[in-house]
Amino acid sequence: MGFNYKAIFVDLDGTLLNSQKVISQRNLKCLNEFIDNGIPVVIATGRTLKSVKKVTQGLKIDTPIITLNGNDIRKSIDGYSMMLSYVDNQLKEAIFAMCKNILNGNSDYYIQNILFDTANGFYCLHPNLLDSNEFSTHYDSDVKELDIDNPPAESIVSFLFLLTPDSNREAFLTEQTKFFKPLGAKFCTFNGWPWIELGSPKVNKGTAMQYVCDYLGINMKDVIAFGDGENDVEMLAEAGLGVAMANADLHALKIAKAKALSNDEDGVSVFLEHLKQAGNIQ
Ligand code: G3H
Ligand code: MG
């Protein structure tokens, strides 16, 4: 096999999944052939494990899986959490203070819902606003209702906020700087505005890739990684070859060393097949 990398790290939405949220037969066949040849394929996504399972059926992954943008690294598709990262207490308190401030109307925008994962379950401010089909795609556990005045004491893995569709992005940016920047944290909009995500500021797909590479006994320089979004930037920067999809956002395109066709053109497998045929790296 003329392929000089020891592992393939691949994002899901916008990368391995097409617009129908499906892995094409070509992508599936290509990645399974690499796995059969001893090259690990590591999924690195913002999704939960449950929704990874749903969309990766047919892919013979037997190596760790990076979920929740690196906040939860699973040993395998059926495995336990090898590394679970939590939002620290100071940041957690700041987040709840911000939420109360907004919910009390002291802001130019409004939070429609708050959702977060803990090691013991999933909380939501307004469970009645959740789409139950969508929810069951992503989460195993029943939802617990959040009392914003008495938030749970347990540690939080990652937050999701849903603002109202007409929310003023600039107003939110100003507010979030006040609340989050002193704590080293930064909100992300991986699901698209007005969804906002926040995990441990110390964790991203790049730190998770380092963890998984150590576990696999390989160097990050021997990794080829594919991604399309802001949440892929650290992974694309640290990999030996970071590849952005043609449909990638500006953050990913700027940092990547190479560009693949879009996710709807089987960009991952087309790129990998070219590498194999060329018998060299680029
Ligand atoms: O939270 C999930 C978002 O859709 C991002 O997923 O990291 O697989 O692109 P992704
Ligand atoms: Mg993506």
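Residues numbered from 1 in each chain as written. Chains lettered and ligands numbered in written order. Predicted model: local features only at pLDDT ≥ 70, side-chain atom pairs only at ≥ 80, totals over all residues. Heavy atoms only, no water.

Remarks on the coordination of the magnesium ion (ligand 2)
So, step 1. Bound to the magnesium ion (ligand 2) on the protein side are Asp11 (OD), Asp13 (O) and Asp228 (OD), at distances that span 2.1 to 2.2 Å.
So, step 2. In the primary sequence, the donor residues of the magnesium ion (ligand 2) line up as D-x1-D-x214-D. You can see Asp11 sitting in the loop between strand S1 (7-10) and helix H1 (12-16) and its partner Asp228 sitting in the loop between strand S11 (223-227) and helix H8 (233-238), a full 217 residues away along the chain. Per residue, the accessibility class of Asp11 equals that of Asp228, and both read buried. (Donors = N, O, S within 2.8 Å, 3.2 Å for Na, K, Ca; no water. Helix = DSSP H or I, 4+ residues; strand = E, 2+ residues; numbered from the N terminus. Buried < 20%, exposed > 50% of the residue type's maximum accessible area, 1.4 Å probe, protein only.)

Overview of helix H6 (residues 169-180)
So, step 1. Compared with the 16 Å implied by 1.5 Å per residue over 12 residues, the 15 Å span of H6 between its first and last C-alpha is a close match.
So, step 2. For H6, the capping residue at the N-terminal end is Asn168, with a side-chain oxygen 2.9 Å from the backbone nitrogen of Glu170. (Expected span 1.5 Å × (residues − 1). Polar contact = N/O pair within 3.5 Å; in protein donor to acceptor, adjacent residues only side chain to side chain.)

Structural notes on the packing of helix H2 (residues 25-36) against helix H10 (residues 267-278)
So, step 1. It is at 8 Å that the axes of H2 and H10 come closest, and there the two elements cross at 45°. Here H10 runs oblique to H2, going by the angle between their axes. Judged by the sense of rotation from one axis to the other, the crossing of H2 with H10 is left-handed. From H2, Arg26, Asn27, Cys30, Leu31, Glu33 and Phe34 reach across to H10, where they touch Val268, Ser269, Val270, Leu272, Glu273 and Lys276. (Axes fitted to C-alpha atoms, helices over the stretch in contact; angles between N-to-C directions. Parallel < 35°, antiparallel > 145°, perpendicular 65-115°, else oblique. Left-handed = near helix turned anticlockwise from the far one by under 90°. Contact = heavy atoms within 4.5 Å.)

Overview of the site of ligand 1
So, step 1. Around ligand 1 sit 10 residues, and of these Asp11, Asp13, Thr45, Gly46 and Lys205 come closest.
So, step 2. Within the contact set of ligand 1, an oxygen atom lies 3.3 Å away from a backbone nitrogen or oxygen of Leu12.
So, step 3. Measuring from an oxygen atom of ligand 1, one finds a backbone N or O atom of Asp13 at 2.9 Å.
So, step 4. Considered on its own, ligand 1 offers 310 Å² of accessible surface; in the complex 89% of this is hidden by protein. (Near = heavy atom within 4 Å. Areas by Shrake-Rupley, 256 points an atom, 1.4 Å probe, with all protein chains shown as cover.)

Observations concerning the pairing of S1
So, step 1. Burial of the side chains of S1 extends over both faces: Ala7 and Phe9 are buried on one face and Ile8 and Val10 on the other.
So, step 2. In this sheet, strand S2 (residues 41-43) lies alongside S1 in parallel orientation, the contact comprising 3 bridges. Paired with Ile8 across the strands is Val41, a residue of S2. (Pairing = 2+ DSSP bridges.)

Considerations on the nonpolar core
So, step 1. Ranked by internal contacts, the top residues of the largest apolar core, which has 34 residues, are Ile8, Ile224, Phe226 and Leu272.
So, step 2. Per-element tally for this core: the top contributor is H2, with 5 residues.
So, step 3. Val87, Ile148, Ala171 and Phe180 belong to the second-largest nonpolar core, a separate cluster that totals 28 residues. (Core = buried A, V, L, I, M, F, W, Y, C linked by side-chain atoms within 4.5 Å.)

Comments concerning the domain arrangement of the chain
A common measure of how large an interface is: the accessible area buried when the components associate.
So, step 1. Parsing the chain into structural domains produces domain 1 (7-84 + 203-278) and domain 2 (89-199).
So, step 2. Spacing between the C-alpha centres of domain 1 and domain 2 amounts to 26 Å.
So, step 3. At the junction of the two partners, domain 1 supplies 11 residues and domain 2 supplies 13 residues.
So, step 4. For the domain 1 and domain 2 pair, buried surface summed over both sides reaches about 1,100 Å², with 58% attributable to carbon and sulfur atoms.
So, step 5. Interface area lost by domain 1 to domain 2 is led by Lys50, Asn71 and Glu230, which between them contribute 42%. (Domains from an automatic or database assignment. Buried area = accessible area lost by both parts, 1.4 Å probe.)

Observations concerning the sheet that holds S2
So, step 1. Taking strand neighbours across the sheet as the criterion, the 5 strands line up as S2-S1-S11-S12-S13 in an open arrangement whose pairing is parallel. Of all the strands in the sheet, just S2 and strand S13 (258-260) have a single pairing partner and so form its edges. Taken over all neighbouring pairs, the strand axes of this sheet differ in orientation by 25° on average, direction set aside.
So, step 2. The strands touched by helix H7 (residues 205-216) are S1, S2 and S11; relative to S1, the strand with the most contacts, the crossing angle is about 155°.

Observations concerning the environment of Ala237
So, step 1. Among the structural elements, Ala237 can be located in helix H8.
So, step 2. In the structure, Ala237 is positioned 17 residues away from Lys254 in sequence and 9.8 Å away in space, judged by C-alpha atoms.

Structural notes on the packing of aromatic side chains
So, step 1. Scanning the model with the defined rule gives 9 aromatic pairs in all.
So, step 2. A ring pair is formed by Phe3 and Tyr5, whose centres lie 5.5 Å apart and whose planes are at 65°; its orientation type is edge-to-face.
So, step 3. Overall, Phe3 belongs to the buried group, its relative accessible area being 9%.
So, step 4. Residue classification places Tyr5 among the buried residues on the basis of a relative accessible area of 6%.
So, step 5. Counting every residue linked through ring pairs, the aromatic cluster contains Phe96, Phe116, Tyr123, Phe159 and Phe161.
So, step 6. Over the ring of Phe34 we find Lys276, and its NZ or CZ is 4.9 Å from the ring centre. (Phe/Tyr/Trp six-rings, centres within 6.5 Å; stacked < 30°, edge-to-face > 60°. Lys NZ or Arg CZ within 6 Å of the ring centre and 35° of its normal.)

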